[in-house]
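Analysis of the macromolecular model
Each chain, letter by letter, is given below.
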Amino acid sequence: MEANEIQEQKEYINKVSNLNTGKKLKYHILTMGCQLNENDSEKLVGMLEQMGYKESTDASDADLYLINTCCVRENAEEKLFGKLGELKKIKENRNIIIAIGGCMMQEEHITQKLKKSYPFVDIIFGTHTLHKLPEDIYTAITKNKKVKDVIDIDGKVYEGLPIKRSNNRQASVTIMYGCNNFCSYCIVPYVRGRERSRKPEDILNEIKQLAKEGYKEITLLGQNVNSYNGGEGYKFANLLRDVDKIEGIEIIRFVSPHPKDFTDDVIDAIADSRKISRLLHVPLQSGSTEVLKVMNRKYTKEQYLSLIDRIKDKIPEVVFSTDIIVGFPGETEEDFEHTLDVVKKVNFEQIFMFIYSRRVGTVADRMENQIPEEIKHKRFDRLKALYEENIEKNNEKYVGTNQKILVEGQSKNNEKMLTGRTDTNKVVIFEGDKELIGTTINIKIVSQHRWYLKGDSRDCP
Ligand code: 5AD
Ligand code: SF4
């Protein structure tokens, strides 16, 4: 059935492509939010290009402007409405199609606001109807009417959509959609629906194909990758082991796992692999057991720390990155100090820090003990200061070591220099020949410069 639905959309692609013949039309896409959204945008672009639209890097000459929205925090809303103000002016002078899709469109109060205050938007589509973009565009063009294509029931897992990847060495592969966790601050389960995993063979075939095309680095994506369920007892650890066997793929990453699902079989699969990155992202959110409970995270401070120890025991060279929210409702000074304590103990390589943002419809939004903005900002600054203090200390341990890096390109500031990233995601700058771009090489780290490391590619095996 899903295959029929995709076939139907392929027919719409042909219809729009016929309508567009000879018109040299251009699209511009703005993607907000996480890597899952970026991966969705690669599919949207795949469809647009098959419909005859060419990319325009500048919004001013686009015939179709598409925004793929995020709603995890409030600032994405400000960004969307600001952009729509600009697009209104363009639309007054030119006939441009404006399409808005993604997470924010699953929120009723947002689509109501669009209808009332931004009636010039042509197409609104949600997270479960992304694959219907061709049909929506066809309807907007031929019937000259506004299209709202948002459904509340979970989308299916659609395979075989066209895709245009934004990078030709590193690729993202979504392995599961949706989330069942309902962390009390988070809007994702409401806008992306319940968990749905892709079939193992579909994922593995996609990665084998990427390897054939020369891709070296794969990131497995999902809201909660380690609750992946491929059926018949096939779990995330099985998938990691099978991806690991694919020849040609040299670096494997995954985001995001949930600490409560970080089982020993997953740790063993990572320990046994020479390809899986030694930078593991393990979202903490808060270091306070009390706050974690109200967040509905299902682990305590001690359980988080013992998970980190269990991983370090089996993978001594591992380093960690994390997500932390400050200013969750009811967070006391003492709670916040528990967060600082975990940061000191784990010594994270990278921290994605967020100020708690109220999301309509979530449990935490209905709590009365919201934290004043000023306190949230002060705590955020204290966390940031602690993190930055550690950056150079963390960098020092790389100096003098040999690191495997994927060479990504020339340095923006100096053509003679190349840039790449270590397995642990540190930027490395070094002198080298352009021919190295796209390969993985071993490199000696000679110095650290806070935001990057300097390497020397001579004498390395
Ligand atoms: N406010 C602030 N940060 C949030 N995140 C999710 N929801 C919120 C919110 N309401 C953060 C979490 C999550 C990351 C993707 O975004 O840290 O891991
Ligand atoms: Fe949101 Fe929690 Fe699901 Fe992550 S695991 S998407 S934070 S509800």
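Residues numbered from 1 in each chain as written. Chains lettered and ligands numbered in written order. Predicted model: local features only at pLDDT ≥ 70, side-chain atom pairs only at ≥ 80, totals over all residues. Heavy atoms only, no water.

Let's talk about the overall build of the protein chain
Here is the rule we go by: Comment: elements are numbered from the N terminus, with helices defined as DSSP H or I runs of at least four residues and strands as E runs of at least two. Atoms considered for the radius of gyration are the C-alpha atoms alone. The globule rule reads 2.2 Å times the number of residues to the power 0.38. Under the scheme applied here, a residue whose accessible area is under 20% of the maximum for its type counts as buried, over 50% as exposed, and between as partly exposed, the area being computed with a 1.4 Å probe on protein chains only. Working convention for charge: Lys and Arg count positive, Asp and Glu count negative, and His plus the chain ends are omitted. To locate a charge, the coordinates of NZ of Lys, CZ of Arg, CG of Asp or CD of Glu are taken.
Looking only at helices and strands, the protein chain features 13 helices and 19 strands. Taking 2.2 N^0.38 as the reference for a compact globule, 461 residues should give roughly 23 Å; the C-alpha atoms of the protein chain span a radius of gyration of 23 Å, in line with that estimate. Considering only C-alpha atoms, the protein chain reaches an extent of 65 × 60 × 50 Å along its principal axes. Counting only residues that meet the buried cut, the protein chain has 54% of its 461 residues in that class. On the protein chain, the mean spot of the 71 positive side-chain charges and the mean spot of the 72 negative ones are 3 Å from each other.

Here's the deal with the pattern of salt bridges
To keep things clear, this is the line we draw: Take a side-chain nitrogen of Lys or Arg and a carboxyl oxygen of Asp or Glu: if they are within 4 Å of each other, that pair is a salt bridge.
Summed over the entire model, instances satisfying the criterion amount to 33 salt bridges. Here Glu349 and Lys426 are joined by a salt bridge, their closest N and O atoms 3.8 Å apart. Taken together, the positions of Glu349 in the loop between α12 (333–346) and β14 (350–355) and Lys426 in the loop between β16 (417–422) and β17 (427–431) put the pair 77 residues apart, joining distant regions of the chain. Given the relative accessible area of 13%, Lys426 is considered buried.

Describing the sheet that holds β17
What links the strands of a sheet is backbone hydrogen bonding, and the strands pair in either a parallel or an antiparallel sense. Short version of the rule: Being paired, for any two strands, means DSSP has found at least two bridges between them. For helices, the fitted line uses only the C-alpha atoms of the stretch in contact; every axis is such a line through C-alpha atoms, and the angle between N-to-C directions lies from 0 to 180 degrees.
With respect to topology, five strands assemble into a closed barrel ordered β15-β16-β17-β19-β18, the strand pairing being mixed. With direction set aside, neighbouring strand axes in the sheet form an average angle of 50°. Pairing between strand β15 (residues 402–410) and strand β18 (residues 440–448): five bridges, direction antiparallel. Note on β18: the bridge partner recorded for Lys404 is Asn442.

Let's talk about the domain arrangement of the protein chain
Which entries qualify depends on this criterion: Here the bounds of each domain stem from an automatic or database domain assignment. The contact criterion used throughout is that any non-hydrogen atoms of two residues lie within 4.5 Å. By buried area we mean the combined loss of accessible area, with a 1.4 Å probe, across both parts when two parts are placed together. Under the rule applied, a polar contact is a pair of N or O atoms within 3.5 Å (in protein, one hydrogen donor and one hydrogen acceptor; residues adjacent in sequence only if both atoms are side-chain atoms). In this classification, the charged set is Asp, Glu, Lys and Arg, the nonpolar set is Ala, Val, Leu, Ile, Met, Phe, Trp, Tyr, Cys and Pro, and all remaining amino acids, among them Gly, are polar.
Partitioning the protein chain into domains gives domain 1 (2–149), domain 2 (167–260), domain 3 (278–396) and domain 4 (402–456). Relative to domain 2, the C-alpha centre of domain 1 lies at a distance of 26 Å. Listed per partner, the contact involves 13 residues of domain 1 and 16 residues of domain 2. For the pair domain 1 and domain 2, the two sides together bury roughly 1,200 Å², of which 54% comes from carbon and sulfur. Taken together, the connections running from domain 1 to domain 2 amount to one salt bridge. Residues Arg192 and Asp40 are paired through a salt bridge, measuring 3.2 Å at the closest nitrogen-oxygen approach. Counting every contact that joins domain 1 to domain 2 gives six residue pairs in polar contact (both at pLDDT 80 or more). Among the residues forming the side of domain 1 that touches domain 2, the class breakdown is four nonpolar, six polar and three charged.

Overview of the layout of surface pockets
Over the atoms a probe the size of a water molecule is rolled, and this reveals where empty space is left. Inclusion rule: Grid points spaced at 1 Å over the protein atoms alone were grouped into cavities, where a 1.4 Å probe fits but cannot get out, and pockets, open sets with protein on both sides within 12 Å along at least five of seven lines, with lining residues defined by an atom within 4 Å of a point. Grid points are joined across faces, edges and corners, and a volume is the space filled by probe spheres set on the points.
Its volume calculated, the second largest pocket comes out at about 590 Å³. A total of five residues in the lining of the second largest pocket trace back to one element, the largest contributor, which is helix α7 (residues 200–212). The class makeup of the residues in the lining of the second largest pocket is eight nonpolar, 10 polar and 11 charged. Looking at which domains feed residues into the lining of the second largest pocket, each of domain 1 (2–149) and domain 2 (167–260) gives three or more.

Quick notes on the packing of helix α1 (residues 2–20) against helix α5 (residues 133–142)
Heads up, the rule is: Each angle is binned into one of four classes, with values under 35 degrees roughly parallel, values over 145 roughly antiparallel, values of 65 to 115 roughly perpendicular, and all other values oblique. Each crossing gets its hand from how the near helix is turned against the far one by less than a right angle, where anticlockwise is left-handed and clockwise is right-handed.
Their axes nearest at 8 Å, the elements α1 and α5 cross at an angle of 40°. In terms of orientation, α1 and α5 fall into the oblique class. Considering only the axes of α1 and α5, their crossing is left-handed. Across the interface between the two elements, Glu8, Gln9, Tyr12, Ile13, Lys15, Val16, Leu19 and Asn20 from α1 touch Pro134, Glu135, Ile137, Tyr138, Ile141 and Thr142 from α5. When its residues are assigned to classes, the contact of α1 with α5 shows eight nonpolar, three polar and three charged.

So, the nonpolar core
Our working definition: Buried Ala, Val, Leu, Ile, Met, Phe, Trp, Tyr and Cys residues form a nonpolar core when they are joined through side-chain atoms within 4.5 Å.
Counting residues in hydrophobic clusters, the biggest one holds 70 residues, and the most contacted among them are Phe236, Phe254 and Phe262. Residue contacts for Phe254: discarding those within four places in its chain leaves Thr219, Leu220, Val225, Phe236, Leu240, Phe262, Ile270, Ile276 and Leu280. Residues Met32, Phe81, Tyr118 and Val191 belong to the second largest nonpolar core, which totals 26 residues.

Some points on the site of ligand 1
As a reminder of what qualifies: Near, as used in this document, describes a residue that has one of its heavy atoms within 4 Å of the molecule or strand being considered. Here the open area of atoms and residues is found with the Shrake-Rupley method and a 1.4 Å probe, where only the protein chains shown may cover a residue.
Neighbouring ligand 1 are the residues Val72, Arg73, Tyr185, Gln285, Asp323, Ile325, Phe354, Ile355, Tyr356, Ser357 and Arg359. Protein contacts shield 85% of the accessible area of ligand 1, which totals 400 Å² for the unbound molecule.

A word on the site of ligand 2
By nearness alone, every residue bordering ligand 2 is listed as Cys179, Asn181, Phe182, Cys183, Tyr185, Cys186, Val188, Pro189, Gln223, His258 and Arg297. Its residues assigned to classes, the shell around ligand 2 shows seven nonpolar, three polar and one charged.

Some remarks on the packing of aromatic side chains
Under the convention used in this document: Within 6.5 Å between ring centres, the rings of Phe, Tyr and Trp (the latter by its six-membered ring) count as paired, and their orientation is classed by plane angle as stacked under 30 degrees, edge-to-face over 60, tilted in between. Charge-over-ring contacts are defined here by two conditions on Lys NZ or Arg CZ: a distance within 6 Å of the ring centre and an angle within 35 degrees of the ring normal.
A full pass over the atoms with the stated rule returns nine aromatic pairs. Judged by centre distance (6.5 Å) and plane angle (75°), the rings of Tyr228 and Tyr234 are edge-to-face. Plain terms: the ring middles of Phe236 and Phe254 are 5.2 Å apart, the flat faces sit at 80° to each other, and that makes the pair edge-to-face. Of the two residues, Phe236 is situated in helix α8 (residues 236–244) and Phe254 in strand β11 (residues 251–255); the sequence distance between them amounts to 18 residues. Side by side, Phe236 and Phe254 carry an identical accessibility label, which is buried. Among the aromatic side chains, those forming a connected cluster through ring pairs are Phe81, Tyr118 and Phe120. Between Lys15 and the ring centre of Tyr12, over which it is positioned, the NZ or CZ distance is 4.6 Å. In this structure, Lys113 packs its charged tip against the face of Phe81, placed 4.0 Å from the ring centre.

Notes on the sheet that holds β14
Reading across from one edge, β12-β13-β14 is the order of the three strands in this open sheet, with parallel pairing throughout. Among the strands making up the open sheet, the edge pair consists of β12 (279–281) and β14. When strand polarity is set aside, the average angle formed by the axes of neighbouring strands in this sheet is 15°. By the bridge criterion, three bridges tie β12 to strand β13 (residues 319–326) in an arrangement that is parallel.

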